[in-house]
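Architecture at a glance
Now for the letters of each chain:
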Amino acid sequence: PLFNTGKLPVDSNGVYTLFFRGDITATLVSPFSGALLYWLKDFCGYHGAFRITNGPIIKFMVIGDPSYAGANGEQCEQIRFSDPGGTANNNLGADSMVSVYANEIANTITDYNGGWYFNSNGLEVADVCFWDFGDYSGNSNMVAGTKRFLVQQMWVPTKGCVMSL
């Protein structure tokens, strides 16, 4: 309805992103197995695409605050325990969301128009390196402007998990 009523502009080259707090319960049905998946337990973010009726394919991502994950084996707990000195910007929620965002945007870009890319193990390009931050000092591995961030590496076929080409 948001696209059909003009409340959101239609941009087939954009990626629409929904951010939400971590204390919200979210589930989704796996498009592959049909299993019910639970946020924080089975996934930290989600991306996909859909076609507007008689219109373009729209790409989207859903990213919640994974800092609410506990130490009970949840999928999203690693950023919480990555550095005992705290997160790069002293905001566990926002700092955690940055790495999940990096993962989802890389997967969305390589899933051009909803045609998912998978490697021989069935993993998407960013999921190969999920929660792999590489070698870093302190509580960050990259700088954007004046802010420091801890962001997972991305898979490059000829180089493995790396931070840059």
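See the structure shown above.
Residues numbered from 1 in each chain as written. Predicted model: local features only at pLDDT ≥ 70, side-chain atom pairs only at ≥ 80, totals over all residues. Heavy atoms only, no water.

Here we look at the packing of aromatic side chains
- If you walk through the whole model with that rule in mind, you get nine aromatic pairs.
- Measuring from centroid to centroid gives 6.1 Å for Phe19 and Tyr101, while their planes differ by 20°, and the two rings are stacked. Of this pair, Phe19 sits in strand E1 (residues 15-20) while Tyr101 is found in helix H1 (residues 92-110), placing the two residues 82 residues apart along the sequence.
- In this structure Tyr101 comes out as partly exposed when scored by relative accessible area, which is 34%.
- Ring geometry for Phe50 versus Phe60: centroids 6.0 Å apart, planes at 45°, classification tilted. Placement of the pair is Phe50 in strand E4 (residues 45-51) and Phe60 in strand E5 (residues 57-64), with a sequence separation of ten residues.
- Take Phe50: its relative accessible area is 34%, and that puts it in the partly exposed class.
- Given the relative accessible area of 21%, Phe60 is considered partly exposed.
- An aromatic cluster of at least three residues, connected via ring pairs, comprises Phe3, Tyr16, Tyr46, Phe50 and Phe60. (Phe/Tyr/Trp six-rings, centres within 6.5 Å; stacked < 30°, edge-to-face > 60°. Helix = DSSP H or I, 4+ residues; strand = E, 2+ residues; numbered from the N terminus. Buried < 20%, exposed > 50% of the residue type's maximum accessible area, 1.4 Å probe, protein only.)

Considering the side chain of Ser140
- As for its placement among the helices and strands, Ser140 is situated in the loop between H1 and strand E6 (142-144).
- Within polar-contact distance, the side chain of Ser140 engages the side chain of Arg148 at 2.8 Å.
- The residues touching Ser140, leaving out its near neighbours within four places in the chain, are Ala88, Arg148, Phe149 and Leu150. (Polar contact = N/O pair within 3.5 Å; in protein donor to acceptor, adjacent residues only side chain to side chain. Contact = heavy atoms within 4.5 Å.)

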